[in-house]
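# A structural walkthrough
Spelled out, the chains give:
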Amino acid sequence: MERRSFITTSLAASVAPSALLAKDRALVKTTWDLIVIGAGTAGIPAAIFASYRGAKVLMIDAATVVGGTLHLAGGEISGAGTRAQAAKGIKDSADIHFDDVMRLSHNNADPIVTRLTVDHAGAMLNWLLDNGLVPLAEHPVTGENAFGPGYSVARYLWGKNNGRDILAVMEQQLAPEIRSGRVTTLLDTKVTALLTSDQGTVNGVRTTTNGVENTYRGRHVILTTGGYAMNPELFQQLIGQPNYVAGSYPTARGDGLGLATSVGAALRGRELHRPGTGSVLTADQYPAKVYARFDTLPSIRAPWEIWVNTAGQRFIAEDKSDSYKLANLLNEQPKFKYAIVFDEAILAASPVGIPGWTKDKMREHFGAHPMFHRADTLDELAAKAGIDAKGLKDTVTAYNAGVGAKSDSMGRQHLPLPIAKAPYYAIIHLGHSATSSVGMVVDQQLRALRANGEPIKGLYAAGEVLGSGATLGNAFVPGMMITPAMTLGRLLGDTLPLRVF
């Protein structure tokens, strides 16, 4: 099915965005087996697999089309015991996958959510493969690259069209469930409240569609609303630092977390925020976009520069960094900010630090771009870059002494030149992430939990609303964003009781 015809089908099955019609009033009167809030990576499989079992499903989304972040995502997934592995003679198991995830996440992933994911991920991947997902020819792979280690077994794969390949399979499978009448999509609609019984059971939702308010009742309510990366205010509230980059799906505004906490659900994962290794942004008004990235991995380019925080202090031995270490140290720096500092001699002698750029292009940016600063003195450079001047001068003095003595106080070995020849330069890197580490706490049945561990009856969750930290920790774990979202969404659709009260 072509995408355009699918969207038409979806909208035809949705409540009209104008005044309510008789058909729409019938939807309001229906008691649904499942109400799924979020028609994306986790919500669509929840709806599909519940419908396979004969459930009546209402799937609601604030966007005008289904798919969520799959429209933007790389589409990387991983699972043990897949047909893609079998075709290449690869032996694997859920236990090995679990051990790998915990190792790569430095044991910060939630073992409950991770165990549920790896136990069912293979079946989910096989469903995708059986229904048309075509991995790249060399896949599966371990996922090891310059940015970090990979799996001990090759299980990581994706298609040539990234997340859109996964979405195409799910659209194809969802379309007949919509035509059957078992699944109804309610798009361009915001859920404004969860409804509860006198006993506190979540049993419905309140919505608004183009200003028209309605309520819908159901036996189970599943939150699959994704993250909060597009909500700067909520990001600041949860993480305590600015949200520098608007790089996720427009509806990733954390609405699910607000709904969850309104009925007493607990959140976790602030300490697992991962700001990456930083980027040069387009502007100093945030959120902005990524403009460029300076090579910070010594395996790619040995550092000639020093990196300093807003206090003007180095926080890492630049030639000993890896992406995990740098990201975690950056997490401790004020405003997730650091300046890459060097001088004219280093600019002239060193390899260009931004891939694909020439030295002429680099020079053109100083003074012309808000993240590139040039000055004749370190005091002036510090003022332009928002760095403490005394701290910067003390740091440069200490670093230069280490270069002269060939013994750096932080243990750095690559010491090609001191920073001593004006003009001086600083390029600002700011840490950012398109994922949302904070999310809901759930149990082995994916029931939302209160802070005291008590489940909230009728309320379940899957996907990034659980927090990326639940399956990534504060690291990169190949495929463990889309995989848990789809797998746990499918698990809920496949297992929740369908008896309508």
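Bear in mind the structure is a predicted one, so any value in this text is a computation, not a measurement. Numbers given for residues are sequential positions, taken from 1 along each chain in its written order. Reporting of local features is limited, given that this is a predicted model, to residues whose pLDDT is at least 70; pairs of side-chain atoms are given and counted only at 80 or more, and all residues count toward the totals for whole chains, interfaces and linings. Values shown for side chains rest on all heavy atoms present in the structure; no hydrogens or waters enter the calculation.

Now for the overall build of the protein. We count a stretch as a helix when DSSP gives it H or I for four or more residues in a row; a strand needs E for two or more, and each element gets its number in order from the N terminus. Helix and strand content of the protein: 16 helices and 18 strands. For 501 residues, the compact-globule estimate of 2.2 N^0.38 gives 23 Å, and the protein sits close to it at 25 Å. The dimensions of the protein, computed from C-alpha atoms along their principal axes, are 80 × 55 × 45 Å. Here, two residues are considered to be in contact whenever any of their heavy atoms come within 4.5 Å of each other. Considering only contacts in the protein between residues 6 or more positions apart, those separated by 24 or more positions represent 72%. Here, Shrake-Rupley sampling with a 1.4 Å probe gives the accessible areas, and only protein chains in the shown set may cover a residue. Of the accessible surface of the protein, which amounts to about 19,700 Å², a share of 52% is contributed by carbon and sulfur atoms. Taking the average location of the 48 positive side-chain charges in the protein and that of its 44 negative ones, the two points are 4 Å from each other. What the globule rule says is 2.2 Å times the number of residues to the power 0.38, and the radius of gyration is computed from C-alpha atoms. Charged residues are defined here as Lys and Arg on the positive side and Asp and Glu on the negative side; His and the ends of the chain fall outside this count. By convention, the charge on Lys lies at NZ, on Arg at CZ, on Asp at CG and on Glu at CD.

Aromatic rings from Phe, Tyr and Trp, with only the six-membered ring used for Trp, were paired whenever their centres fell within 6.5 Å, and each pair was classed as stacked if the ring planes differed by under 30 degrees, edge-to-face if by over 60, and tilted otherwise. Counting across every chain of the model gives 13 aromatic pairs. Look at phenylalanine 49 and tyrosine 52: their rings are 4.9 Å apart centre to centre, the planes differ by 65°, and that puts the pair in the edge-to-face class. Taken together, the residues phenylalanine 49 and tyrosine 52, both in helix α3 (residues 43-52) and three residues apart, mark about one turn of the helix. For the exposure calls, accessible area comes from a 1.4 Å probe over protein chains only, and a residue counts as buried if that area is under 20% of its type's maximum, exposed if over 50%, partly exposed in between. Residue phenylalanine 49 is classed as buried on the basis of its relative accessible area of 4%. Judged by relative accessible area, tyrosine 52 falls into the partly exposed class, the value being 36%. Between phenylalanine 342 and tyrosine 425 the ring centres are 5.4 Å apart and the planes differ by 20°, which places this aromatic pair in the stacked class. With phenylalanine 342 in strand β13 (residues 337-343) and tyrosine 425 in strand β15 (residues 424-430), this residue pair connects regions lying 83 residues apart in the sequence. Take phenylalanine 342: its relative accessible area is 3%, and that puts it in the buried class.

pLDDT is a per-residue confidence score from the predictor, ranging from 0 to 100. Across the protein, the average pLDDT comes to 92, with 94% of residues at 70 or higher. With pLDDT under 50 throughout, residues 1-22 is counted as low confidence; its partners more than four residues away or in other chains account for 44 contacts.

The step from histidine 139 to proline 140 runs through a cis peptide bond, and the omega angle for that step is 5°. Residue position: proline 140 is located in the loop between α6 (111-130) and β4 (156-157). Looking along the chain, the bond that leaves alanine 422 and enters proline 423 is cis, with omega of 0°. Even without glycine at this site, histidine 106 takes up a positive phi of about 55°. With respect to the helices, strands and loops of the structure, histidine 106 is situated in the loop between α5 (94-104) and α6. Even without being glycine, lysine 335 reaches a positive phi, approximately 65°. Along the polypeptide, lysine 335 turns up in the loop between α10 (323-330) and β13.

Here the focus is the nonpolar core. In this structure, Met440 and Leu459 are the most contacted members of the largest nonpolar core, which totals 128 residues. Among the elements that line this core, the one with the most residues is α6, at seven residues. If we skip the residues at most four places from it in the chain, methionine 440 touches Leu223, Leu257, Ala260, Ala266, Leu267, Arg268, Ala448, Leu459, Ala461, Val465 and Leu466. Definition used in this section: a nonpolar core is a set of buried Ala, Val, Leu, Ile, Met, Phe, Trp, Tyr and Cys residues joined via side-chain atoms within 4.5 Å.

Let us look at the sheet that holds strand β14 (residues 372-375). The pairing of strands in a sheet happens through backbone hydrogen bonds and is either parallel or antiparallel. Here we have four strands laid out as an open sheet, ordered β12-β13-β15-β14, and antiparallel in their pairing. With one partner strand each, in any of the chains shown, β12 (306-308) and β14 form the two edges of the open sheet. When strand polarity is set aside, the average angle formed by the axes of neighbouring strands in this sheet is 25°. Running at roughly 155° to β14, helix α13 (residues 378-385) makes contact with β13, β14 and β15 of the sheet. Any two strands between which DSSP finds at least two bridges are classified as paired. All axes here are fitted lines through C-alpha atoms, helices being fitted over the stretch that makes contact, and every angle between N-to-C directions spans 0 to 180 degrees.

What follows covers α10. Burial of α10 is extensive: six of the eight residues sit out of reach of the surface. Among the residues of α10, Ser323, Leu326, Ala327, Asn328, Leu329 and Leu330 are the ones counted as buried. On its buried face, α10 sits against β12 and β13. Two N or O atoms form a polar contact when they lie within 3.5 Å of each other; inside protein one atom must be a possible hydrogen donor and the other a possible acceptor, and for residues adjacent in sequence the pair counts only when both atoms belong to side chains. At the N-terminal boundary of α10, the capping side chain belongs to aspartate 322, with an oxygen 3.1 Å from the backbone nitrogen of tyrosine 324.

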